[in-house]
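# Descriptive structure summary
What follows is the residue order along each chain.
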Amino acid sequence: MKKLIRLLLVATFAISLTACGGNNKNETAEEKSETTEVSKEESIDEDKSEAKDDNKETVKLNVAYMPNYASLWHLVTAVDKGFFEEEGLDVNLIEFADGPSEIAAMEGGSVDLAYIGHGAHKLAIQGKADIIAPSSVHNTDKITVLPDKGIEKIEDIKGKKIAYNAKSSSETALQGALAKAGITMDDIEPYEMDATNMVAAMMSGAVDACTAWNPYDSQILENVEGSKQIEFSTDSVNMSSFIALPKYVEENRDIVLRFSRAIYKAMEFASQKENWDYAVELYAKQAGKDKEKSMIETSDAKWFSATDIKSGLEDGTIKDYYERQQKMFTDSEEAIEERPVEEYVRFDLMEEALK
C-alpha cells in the first residue's frame, strides 16, 4: 500500500511538471508572435514615412509675373534647371501687367504666389501681402522722355504732360522724379493710365514723358526715334520681391519654404554674370522677345544671389533695405502708416529656407 501511494505521488508530480512546462512554452510563443507583429507594423510605418519624405506630394502653384527680366530671371531658371520639380512643385507662370493686379488675383484665388516690383510694396506695408523672398534692388530710377519736348534734365519736367501707372513702380518713380526736381504733382500735368496705354501715348506724342518699366520703356525707345531716358538717384531703395497673402503663408508654410528653396537655388546660379546669357535666353523665350535686345535689361538692378541674401540677413542689410523702402512710402503718402518691417517681411521664412 505504501509503495502504491509513493508511485501515485511520483506520477502526480510528473504530470504537474509537464503541465507547467507546456504553459511556459505557449506563453513564450505568444509573446514572440506579438513582438514580431509589432516589429512588422513599426517597420511598415517607418517605410511609409521614408517614402513620404522621398516622394513629396506634387503641388501645383500659380505664380504671377510681369513680362520683364527682373520678374523672370530666377523663375525661368528654376523651371529649366528642375529646382521646382526637386521640391515637388508644378509651377504655372501667369503674366500680369503690374503688381496691384497680381495681388488682386491672389485675393480672388487664381494666383498663389507673385513677384512684385517696388511700387506694389506699399500694399504689403498696408498688410495685403507678406514678403517671402527678396529678388533684386536698385537705387536709381528713370523717366522716359520724347525728343523736342525741352526735357534735358530732371528739373525740366515742370509743366510737362507725364504719364504714369498708379500704385505701381511707375508712380513711385514719378514721385521720386518730382522730389528730385523740387516740385509736386501740381506742377505737372499727370495722366494716369496702364502700362500698354503709356506706350501708345508716347508713340502718338499725346504726352511728353512717362515713368514706365521694362519692357514698356524699351518699346518706346525702340519705336520713337530720338526718345531717351533721364536717370536720377534717390535716397530710397527700390526693392523687388516675391509675395503671398498672409493667410496663404499661415496655411501653407511648407509650400512657401519649398518654393523659396527652389528660387534661391536659381538665384545663386543666374545672378552670376557668366550665367546671364543663359537666363536671358530663357526669359526671351518665355516673353516672346529678341534675346540680344533683352540683354540690356540685365543692367536694371543688382540681382541677389542666395549668398547675398544669407549674409544680408545676418548683417542686417536686407532689413535696412526694406526699412528705407518703407520710409520713402510713409514720407510721401499720408495713407501709409509706419509699421515694423518684421510684421510683413518674413525674415523667419528666408532664414529657414536658406539653411
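Okay, so let's go over this structure. (Residues numbered from 1 in each chain as written. Predicted model: local features only at pLDDT ≥ 70, side-chain atom pairs only at ≥ 80, totals over all residues. Heavy atoms only, no water.)

## Overview of the overall build of the protein chain
Of the regular secondary structure elements, the protein chain holds 15 helices and nine strands. With 355 residues in all, the protein chain has 47% of them scored as buried. When contacts within the protein chain are restricted to residue pairs at least 6 apart in sequence, long-range pairs at least 24 apart make up 78% of them. Summed over its atoms, the accessible surface of the protein chain is roughly 18200 Å², and 48% of this surface lies on carbon and sulfur atoms. (Helix = DSSP H or I, 4+ residues; strand = E, 2+ residues; numbered from the N terminus. Buried < 20%, exposed > 50% of the residue type's maximum accessible area, 1.4 Å probe, protein only. Contact = heavy atoms within 4.5 Å. Areas by Shrake-Rupley, 256 points an atom, 1.4 Å probe, with all protein chains shown as cover.)

## As for unusual backbone geometry
Despite not being glycine, Asp148 shows a phi value in the positive range, around 60°. Along the chain, Asp148 falls in the loop between β4 (130-145) and β5 (161-164).

## Focus: the packing of helix α2 (residues 69-81) against helix α11 (residues 276-287)
Close contact between α2 and α11 brings their axes to 8 Å; oriented N to C, the two are set at 100°. Between α2 and α11, the crossing angle belongs to the class labelled roughly perpendicular. Together, Tyr69, Leu72, Trp73, Val76, Thr77, Asp80 and Lys81 of α2 and Trp276, Tyr278, Ala279, Val280, Leu282, Tyr283 and Gln286 of α11 make up the contact between the two elements. For the contact of α2 with α11, the per-class residue count stands at ten nonpolar, two polar and two charged. (Axes fitted to C-alpha atoms, helices over the stretch in contact; angles between N-to-C directions. Parallel < 35°, antiparallel > 145°, perpendicular 65-115°, else oblique. Nonpolar A, V, L, I, M, F, W, Y, C, P; charged D, E, K, R; others polar.)

## Structural notes on the pattern of salt bridges
Counting across every chain of the model gives 21 salt bridges. Its salt-bridge partner being Lys142, residue Asp300 comes within 3.5 Å of it at the nearest N-O pair. With Asp300 in the loop between α12 (291-294) and β9 (302-303) and Lys142 in strand β4, this residue pair connects regions lying 158 residues apart in the sequence. By relative accessible area, Asp300 is classed as partly exposed at 22%. Members of the salt-bridge network, linked through shared partners, are Asp130, Arg253, Arg346, Asp348 and Glu352. (Salt bridge = Lys/Arg side-chain N within 4 Å of Asp/Glu carboxyl O.)

## Focus on the environment of Ala201
Note that Ala201 resides in helix α7 (residues 195-204). Leaving out residues up to four positions away in the same chain, Ala201 has contacts with Met193, Ala206 and Val207.

## Describing the layout of surface pockets
The volume enclosed by the largest pocket comes to roughly 870 Å³. Contributing to the lining of the largest pocket are 44 residues, with Lys142, Trp213, Asn214, Asp217 and Asp300 lying nearest its centre. Mapped onto the lining of the largest pocket, the elements with two or more residues apiece are α4 (99-108), β4, α6 (169-181), α8 (216-223), β8 (228-244) and α12. In terms of residue class, the lining of the largest pocket is built from 14 nonpolar, 19 polar and eleven charged. (1 Å grid on protein atoms, 1.4 Å probe; cavity = no way out; pocket = protein on both sides within 12 Å on 5 of 7 lines; lining within 4 Å. Points joined across faces, edges and corners; volume = space filled by probe spheres on them.)

## Observations concerning the pairing of β5
Note: β5 against strand β6 (residues 189-192), four bridges, orientation parallel. The partner of Ile162 across the bridge, within β6, is Pro190. Assessed by its sense of winding, the connection that carries the chain from β5 through α6 to β6 is right-handed. By the bridge criterion, two bridges tie β5 to strand β7 (residues 209-210) in an arrangement that is parallel. The residue bridging Ala163 from the neighbouring strand is Cys210, located in β7. (Pairing = 2+ DSSP bridges. Right-handed = clockwise from strand over helix to strand, strands pointing away.)

## Here's the deal with helix α14 (residues 317-332)
For α14, built from 16 residues, the straight-helix expectation of 22 Å at 1.5 Å per residue is met to within 8% by its first-to-last C-alpha distance of 23 Å. Inspection of α14 places Ile318, Tyr321, Tyr322, Gln325, Gln326, Phe329 and Thr330 among the buried residues, and these make up the whole buried set. Down the axis of α14, the smallest arc covering the buried residues is 160°, so these residues share one side. (Expected span 1.5 Å × (residues − 1). Arc of directions from axis to C-beta.)

## Observations concerning α11
Taking 1.5 Å per residue, twelve residues should reach 16 Å; α11 reaches 16 Å between its end C-alpha atoms and fits that length. Turning to α11, its buried residues number three or more, namely Trp276, Ala279, Val280, Leu282, Tyr283 and Ala284. Close packing links the buried residues of α11 with α2, α10 (253-270), α12 and β9.

## Some points on the packing of aromatic side chains
Following the criterion strictly, the structure yields eight aromatic pairs and no others. Where Phe84 meets Phe259, the ring centres are 5.5 Å apart and the plane angle is 20°; that geometry is what we call stacked. Remark: Phe259 occurs in helix α10 and Phe84 occurs in helix α3 (residues 83-86); sequence separation between them is 175 residues. With a relative accessible area of 2%, Phe84 lands in the buried category. On the basis of relative accessibility, which here comes to 1%, the residue Phe259 falls in the buried class. Across the ring face of Phe269, the terminal group of Lys81 is positioned such that the distance to the ring centre comes to 4.2 Å. (Phe/Tyr/Trp six-rings, centres within 6.5 Å; stacked < 30°, edge-to-face > 60°. Lys NZ or Arg CZ within 6 Å of the ring centre and 35° of its normal.)

## Description of the nonpolar core
In summary, soluble globular proteins display a tendency toward joint burial of nonpolar side chains. Within the largest apolar cluster, 93 residues are counted, with the highest numbers of intra-cluster contacts made by Leu61, Leu75, Phe84, Ile132, Phe259 and Tyr264. Broken down by element, this core gets its largest block of residues, ten residues, from α10. In this structure, Leu61 is in contact with Leu89, Asp90, Val91, Asn92, Asp112, Leu113, Tyr248, Ile255 and Phe259, ignoring residues within four places of it in sequence. Counting residues in hydrophobic clusters, the runner-up holds 16 residues, among them Ile151, Ile157, Tyr164 and Ile183. (Core = buried A, V, L, I, M, F, W, Y, C linked by side-chain atoms within 4.5 Å.)

## Digging into the environment of Ala209
With respect to the helices and strands, Ala209 occurs in strand β7. On a C-alpha basis, the gap between Ala209 and Thr144 in space is 5.5 Å, while along the polypeptide they are 65 residues apart. When sequence neighbours within four positions are dropped, the list of residues in contact with Ala209 reads Ile143, Thr144, Val145, Ile151, Lys161, Ile162, Ala163 and Met202.

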